[in-house]
Amino acid sequence: MQEIRIIADENMNNVRVDKALLNQVDFSRTRLQQLIEEGCLEVNGEVCKSNYKVKANDEIVLEVPEVVEYTVKPYPMDLDIRYEDDDVIVINKPKGLIVHPTASTKEHTLVEGVLAHCHDLSGINGILRPGVVHRIDKDTTGLIIMAKNDTAHNFLAEQLKDKSMHRKYYAIVNGVIEHDNGTIDAPIGRDVNDRQKMAVTDKNGKDAITQFRVLERFKNKTFIECSLKTGRTHQIRVHMSYIGYPIVNDTKYGPKRLRGDGQLLHAHQLTFIHPTTKKVMTIEAPLPDNFNEYLEQLRKEDK
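The notes below deal with the structure included here. Quick caveat, the model's predicted, so the values are computed rather than measured.

Definitions and limits used
- Residues numbered from 1 in each chain as written.
- Predicted model: local features only at pLDDT ≥ 70, side-chain atom pairs only at ≥ 80, totals over all residues.
- Heavy atoms only, no water.
- Helix = DSSP H or I, 4+ residues; strand = E, 2+ residues; numbered from the N terminus.
- Rg over C-alpha atoms; globule rule 2.2 N^0.38 Å.
- Buried < 20%, exposed > 50% of the residue type's maximum accessible area, 1.4 Å probe, protein only.
- Contact = heavy atoms within 4.5 Å.
- Areas by Shrake-Rupley, 256 points an atom, 1.4 Å probe, with all protein chains shown as cover.
- Lys, Arg positive; Asp, Glu negative; His and termini not counted.
- Charge placed at Lys NZ, Arg CZ, Asp CG, Glu CD.
- Phe/Tyr/Trp six-rings, centres within 6.5 Å; stacked < 30°, edge-to-face > 60°.
- Lys NZ or Arg CZ within 6 Å of the ring centre and 35° of its normal.
- Core = buried A, V, L, I, M, F, W, Y, C linked by side-chain atoms within 4.5 Å.

1. Here's the deal with the overall build of the protein chain
Helices and strands together make up the secondary structure of the protein chain, namely 6 helices and 15 strands. For a compact globule of 303 residues, the expected C-alpha radius of gyration is about 19 Å, and the protein chain comes in at 21 Å, within 12% of that figure. Put simply, the protein chain has 303 residues, and 45% of those count as buried. Within the protein chain, counting contacts between residues at least 6 apart in sequence, those at least 24 apart form 64% of the total. Accessible surface, the protein chain: about 15900 Å² in total, of which carbon and sulfur atoms supply 45%. Computed over 42 positive and 45 negative side-chain charges, the separation of the two mean positions in the protein chain equals 3 Å.

This is the structure in C-alpha cells:
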C-alpha cells in the first residue's frame, strides 16, 4: 500500500480536492476518481468525496493499493445454467462463489468457471471481468447474466442503464413487516466509517430505489420479494437494514447476535430483451436448499 500525504498550500485553497490532487500525483483523472470512490482519500482524518473544497493546511492522505497482475484462466466447475445461446449465458450462482476476480482474489470465481465452459466472453470490462454485465454478492444466490460478445454486452448494459432489465429477489428478513408493500427511496454510498460497507448517506450517496412486497409473515421473520429500480452495491441489504428489517444471516448489515452463514437473499427472476432476437425473456431460478429449509422451519414453528 502506497500512502501519499500532502499538506495543502495557499494555491490549493478552495479548489476541489480531485482537481488539486491532479497536480500533485502521477495518476489519470479516471484512476484518481476511482480511488476516491473506493474511499481511499482522507482529509484531516475523514474520508471525503471528490467535490470537497480544499482549505489551506488541510492534511490530505491518499492510500493507493498495490497493483497486482492477474490473469483470468478457465477453471472447470459445475454450473447451474438456466439459459444459454451464442450471445448470453444465464447462471444460477451458488452461495459462497465470487462473480469475478479482483487484484486480491485468491479463490476461484464464476468468471473462470464460465470461461472453462464456453471459452469466450465479451472483453468490454477488461481482463478481470470478462462478460460481466452485473454482479451479485458472494453469499447471495441466484441469477446472473453474462455476455459472450461485445455487441451483446453493450445491448444488455444499456438495458441496465435505462431500467428495461428487471431483477427480482427473494429474501427473509428479521422482524415482522406490517405493510404488504413498500418502496425504499434512499441514496446509497460508501460508509464513511467503514470502507468495506455501504450506507444510506447524503454525503456520497447515489439515488437508490428498492420496492418490496410481503409474501409470508412469521412470528419474528418476514418472507419478501424485492424489485430493484437501481443497482447500487449491496442495495437490498443496506435498504432493508436501514428500515429496521435486516436480512437474516447478513454478516455485514445484520445485528451481530443474529448473523449467520450467508444472507438469505436469492435473485430468483431476471427479465431482459434478447440482444439478437429482441424478444423479452424471463428466466427463473428455484430457491436453494438452505433457503427452503429455513422457510420450512419457520412454518413449523408457527404451527
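Having seen it, we continue.
2. Description of the environment of L160
Summarising the element assignment, L160 is placed in helix α4 (residues 150-162). Owing to a relative accessible area of 24%, L160 belongs among the partly exposed residues under this scheme. In sequence terms L160 and T230 are 70 residues apart; their C-alpha atoms lie 8.4 Å from each other. In this structure L160 touches V133, H134, M165 and R167, once residues within four positions along its chain are discounted.

3. Side note on helix α3 (residues 110-118)
Counted residue by residue, α3 has 7 buried out of 9 residues, so it is predominantly covered. Considered for burial, the residues of α3 that qualify are L110, V111, E112, G113, V114, L115 and C118. Structurally, α3 contributes buried residues whose contacts are with β5 (81-84), β6 (88-93) and β7 (141-147). In the segment just after α3, H119 is the residue with positive phi, at about 70°.

4. Comments concerning the packing of aromatic side chains
Within the structure shown, the criterion is met by 2 aromatic pairs. For the ring pair Y170 and F223, a centre distance of 5.4 Å and an interplane angle of 55° mean the geometry is tilted. Pair noted here: Y170 is in strand β8 (residues 166-174) and F223 is in strand β13 (residues 221-228), with a separation of 53 residues, a long-range link. Look at F223 and you get buried, because its relative accessible area is 7%. By way of ring pairs, the aromatic residues Y170, F223 and F291 are connected into one cluster. Between K278 and the ring centre of F155, over which it is positioned, the NZ or CZ distance is 4.9 Å.

5. A look at the nonpolar core
Grouped together as the largest cluster of nonpolar side chains are 30 residues, with contacts concentrated most on V114, M146, Y169, I224, I236 and M240. Those elements that provide at least two residues to this core are β6, α3, β7, β8, β12 (209-217), β13, α5 (235-242) and β14 (265-273). In terms of residues, this core owes the most to one element, α3, which gives 5 residues. Leave out the neighbours within four places in its chain, and M240 touches V173, I177, I184, I224, Y245, P246 and I247. Among the nonpolar cores identified, the runner-up in size contains 19 residues, and I36, L41, C48 and L62 belong to it.

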